[in-house]
Amino acid sequence: MTAPQPATRLPQPPPPPRRPAPPRPATAAVRPSARRRSPRARGPVAGLLSWLYALVLAAPLYYLVVSALKTNIEIFTHPFALPEHWLWRNFSTAWRTADLGQALLNSALISAVAIVLTLGLALPAAYALARLDNRLARLITGTFSVGFLIPPFAALIPTVVLSIKMNLFYTREFQMLFLPAGALPLSVLLLTQFMRTVPPALVESAALDGAGNWRLLVNVFIPIAMPGVVSVTILQLLAFWNEYLFSLTITGTAPDIRTAQVALPTLVSDATDFGVLTAGTVLTLLPVYVAYSLSSRRMQEALTAGAVKG
Amino acid sequence: MSSTSIPAGGRAAPPTAARRPGRGRRGGLNSPRLLWLTVPSLVWFAVFSVGPLVAMFVIATLRWKGLIYDPTFIGTRNIRHVFADPTFHDAVRNSLVQVAVVIPVMIPLAFMLGYHLSTKPRGYRVLSVLYFSPGLISISVTGMIFYGVLSPEGGANGLLRAVGLDSLGTSWLADPSTALPSLIAIDLWRGIGWTAVLFAARLASVPADVIEAARIDGAGRLRIMWQIAFPMVKTYVRTLTMLQFLWTLFTSAALILLLTKGGPGTSSTTLSYLVYEKAFGQSDLGYSQVVGVVLLLLGVAGMLLIRALLRSPRERTR
């Protein structure tokens, strides 16, 4: 651990705002409404500014969606108007041109394998770290806390070299193996916190019943830490799905293996059809927004718990 | 901060308590041998994260003109080469400008917006969904959105035209005086709201009666925000500031690659992009990794600075 040395004395990663200590951690996070309406005063200026910023956030998103249904000319002449003719074929053109079907499939495959691997590696580690509190355990926790601060981009080029040495350059497999490594520090730390909420009495009685470590993990710790497992899964799936630079350089742009994030920018050319480009952007974004609309609370909790994103 | 108790062992009870009944079975369920379970994840982390990080320092000493060639050791020659290169100086300057604008603007604004959100103003659900959404959007999608918005015939210029300010319009990404500011604006666009949501979540745990008491004592809004609420979550602010700093410094390469390719000229080349460009554009891996090491050192220095600036003398828990 060369560079981030001084970080060892840093605080732990941002605590999950919904501290897992209480019996049912699934509650707190972005749902402060449980508390009675806060007495904090607020002024008209703050309200105005907050909506102004909301507008600034929303404008490009609105522009994105309306442009997806227009021709170039219409985009240029009436950028913010609703489309005159709804040009749905932009979507099919984008889908075909960038081969988005295959790309989305590749993204899904890589994300799925990577998340299974992440949980497979992180759960046993978190179990051990939650059960033990000796010097070595603290050292391992400390290692992960430092690792959590390493920005993944830092070692892009050596990672490419590694993929070549492993004969996995320009394959999806390398990303499947590599992505979990970056996800491990945060996953282990979060899962450990959740697993520490398992009541000692429960462990004791399970142990008296003759449960070994494996059964303790599967039947006691994982069920109780389930909210944490769900958070980690959502958080890391999103990170894997959205990963761009490593996918671009290591998996590459070959249409049969590239991910959706890599496929999308191929719609840019010297004569970009902005309608098609924005339609493709909407298509790439759609899976994430569908997931978000299905479980916005869970997702918001997961991401605030992680407090980092890619 | 509940999490700081990980090593301190706020909940040291389980291990000790469970030790007695567990005796007899393979040295007990709590035998330190349990830590073998952490080995796979540590190995994984060492191979794919620590290994490449260490390798950076090695590659920085090599003459390596492209991945297909064999490297030769040339010691510190790369370093001298890099430090004499005007492009590198531009990249340092651009990176410093980027960080020096983004962080001081983003963190206070995000804190104030987060505080505002945590007071649950009217419509705060809509606000928090909107603020949150850049967190869902990948860098390549962000790039494509702004490729459209900032193109000469795009939304930004369309908006200026609509309000009669045509003269301010420009090809934002192709103009040396606006390329870097555009990238900084995108950083702020996606970062402020997201960070505000995180602050709001954190501020929700500040006990309401403390704020109430301050208000009864006649403290104004701003005073409550900065002198009561802020100190109570200062450690969290510090952590988020460090993370945002690292992300801004390190990850700008992707957006630049998508939008400006570092240009025009070197006007939007940051250190992060230079690492990428030298390795893949100009096939000079030694150069690239010297810049990578510089970036890493800057990252560490910046973190230490932020830690010193946001030091809280008595760290309040909770």
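Parameters and conventions
- Residues numbered from 1 in each chain as written.
- Chains lettered and ligands numbered in written order.
- Predicted model: local features only at pLDDT ≥ 70, side-chain atom pairs only at ≥ 80, totals over all residues.
- Heavy atoms only, no water.
- Patch = residues over 30% accessible without salt bridge, like charges linked within 9 Å, V, L, I, M, F, W, Y side chains within 5 Å.
- Areas by Shrake-Rupley, 256 points an atom, 1.4 Å probe, with all protein chains shown as cover.
- Salt bridge = Lys/Arg side-chain N within 4 Å of Asp/Glu carboxyl O.
- Helix = DSSP H or I, 4+ residues; strand = E, 2+ residues; numbered from the N terminus.
- UniProt positions renumbered as here; feature names shortened; annotations may be inferred.
- Axes fitted to C-alpha atoms, helices over the stretch in contact; angles between N-to-C directions.
- Parallel < 35°, antiparallel > 145°, perpendicular 65-115°, else oblique.
- Contact = heavy atoms within 4.5 Å.
- Nonpolar A, V, L, I, M, F, W, Y, C, P; charged D, E, K, R; others polar.
- Polar contact = N/O pair within 3.5 Å; in protein donor to acceptor, adjacent residues only side chain to side chain.
- Expected span 1.5 Å × (residues − 1).
- Bend = angle between axes of the 7 residues up to and from the residue.
- Buried < 20%, exposed > 50% of the residue type's maximum accessible area, 1.4 Å probe, protein only.
- Core = buried A, V, L, I, M, F, W, Y, C linked by side-chain atoms within 4.5 Å.

**Describing a nonpolar patch on the surface**
Then step 1. Side chains of Val97(B), Val101(B), Val105(B), Leu109(B) and Met112(B) sit close together on the surface and give an oily, nonpolar patch of about 310 Å² of accessible area.
Then step 2. Looking at the element boundaries, Val97(B) is found in helix α5 (residues 86-118).

**What about the UniProt feature "transmembrane region" (unreviewed entry) in chain A?**
All names here are of chain A.
Then step 1. The sites that UniProt annotates as "transmembrane region" (unreviewed entry) are residues 45-65, 108-130, 142-164, 176-195, 216-241 and 274-292.
Then step 2. Along residues 45-65, the helical share is 100% and the strand share 0%, with 30 Å between the first and last C-alpha atoms.
Then step 3. The annotated region residues 142-164 carries 65% helix and 0% strand content, and the separation between its end C-alpha atoms amounts to 31 Å.

**Quick notes on the packing of helix α3 (residues 89-97) of chain A against helix α13 (residues 274-294) of chain A**
Residue and element names in this part refer to chain A.
Then step 1. Interaxial distance between α3 and α13 falls to 8 Å at its minimum, and their mutual angle equals 75 degrees. The pairing of α3 with α13 is recorded here as roughly perpendicular in orientation. Residues Asn90, Phe91, Thr93, Ala94 and Trp95 of α3 touch α13, and the partners they reach there are Gly275, Val276, Ala279, Gly280, Val282 and Leu283.
Then step 2. Taken together, the residues of the contact of α3 with α13 sort by class into seven nonpolar, four polar and no charged.

**Things to note about the interface of chain A and chain B**
Then step 1. The interface is formed by 133 residues belonging to chain A together with 129 residues belonging to chain B.
Then step 2. At the boundary of chain A and chain B, one finds zero salt bridges.
Then step 3. Put simply, chain A and chain B have twelve residue pairs in polar contact (both at pLDDT 80 or more) between them.
Then step 4. A breakdown of the residues in the side of chain A that touches chain B according to their chemical character gives 91 nonpolar, 29 polar and 13 charged.

**Observations regarding α13(A)**
All names here are of chain A.
Then step 1. The terminal C-alpha atoms of α13 lie 29 Å apart, and with 21 residues this matches the ideal 30 Å at 1.5 Å per residue to within 8%.
Then step 2. The largest bend in α13 is about 40 degrees, located at Leu286, with the proline Pro287 one to four residues further on.
Then step 3. With a side-chain oxygen lying 3.0 Å from the backbone nitrogen of Gly275, the N-terminal cap of α13 falls on Asp273.

**Brief notes about the side chain of Gln244(B)**
Residues and elements named next belong to chain B.
Then step 1. Structurally, the position occupied by Gln244 is in helix α12 (residues 234-250).
Then step 2. Overall, the relative accessible area of 11% leaves Gln244 in the buried class.
Then step 3. There is a polar contact of 2.9 Å between the side chain of Gln244 and the side chain of Thr195.
Then step 4. Excluding anything up to four places from it in sequence, Gln244 contacts Ile103, Met106, Ile107, Gly191, Trp194 and Thr195.

**Observations concerning the pattern of salt bridges**
Then step 1. Considering all chains together, one arrives at three salt bridges over all chains under this definition.
Then step 2. Among the salt bridges present, the one from Arg138(A) reaches Asp133(A), with a minimum N-O distance of 3.5 Å.
Then step 3. The closest approach of N and O atoms between Asp284(B) and Lys65(B), which form a salt bridge, is 3.1 Å. Of this pair, Asp284(B) sits in the loop between α14 (271-281) and α15 (285-309) while Lys65(B) sits in the loop between β1 (62-63) and β2 (72-73), placing them 219 residues apart in sequence.
Then step 4. The class of Asp284(B) is buried, set by a relative accessible area of 8%.
Then step 5. Residue class for Lys65(B) comes out partly exposed when judged on its relative accessible area of 34%.

**Examining the nonpolar core**
Then step 1. Met195(A), Phe221(A), Tyr244(A), Leu245(A), Tyr131(B) and Leu259(B) are the most contacted members of the largest nonpolar core, which totals 195 residues.
Then step 2. Counting residues per element, this core draws most heavily on helix α4 (residues 100-131) of chain A, at 16 residues.
Then step 3. Ignoring any residue separated from it by four or fewer positions in sequence, one finds Phe221(A) in contact with Tyr127(A), Arg131(A), Met195(A), Val198(A), Val203(A) and Leu216(A).

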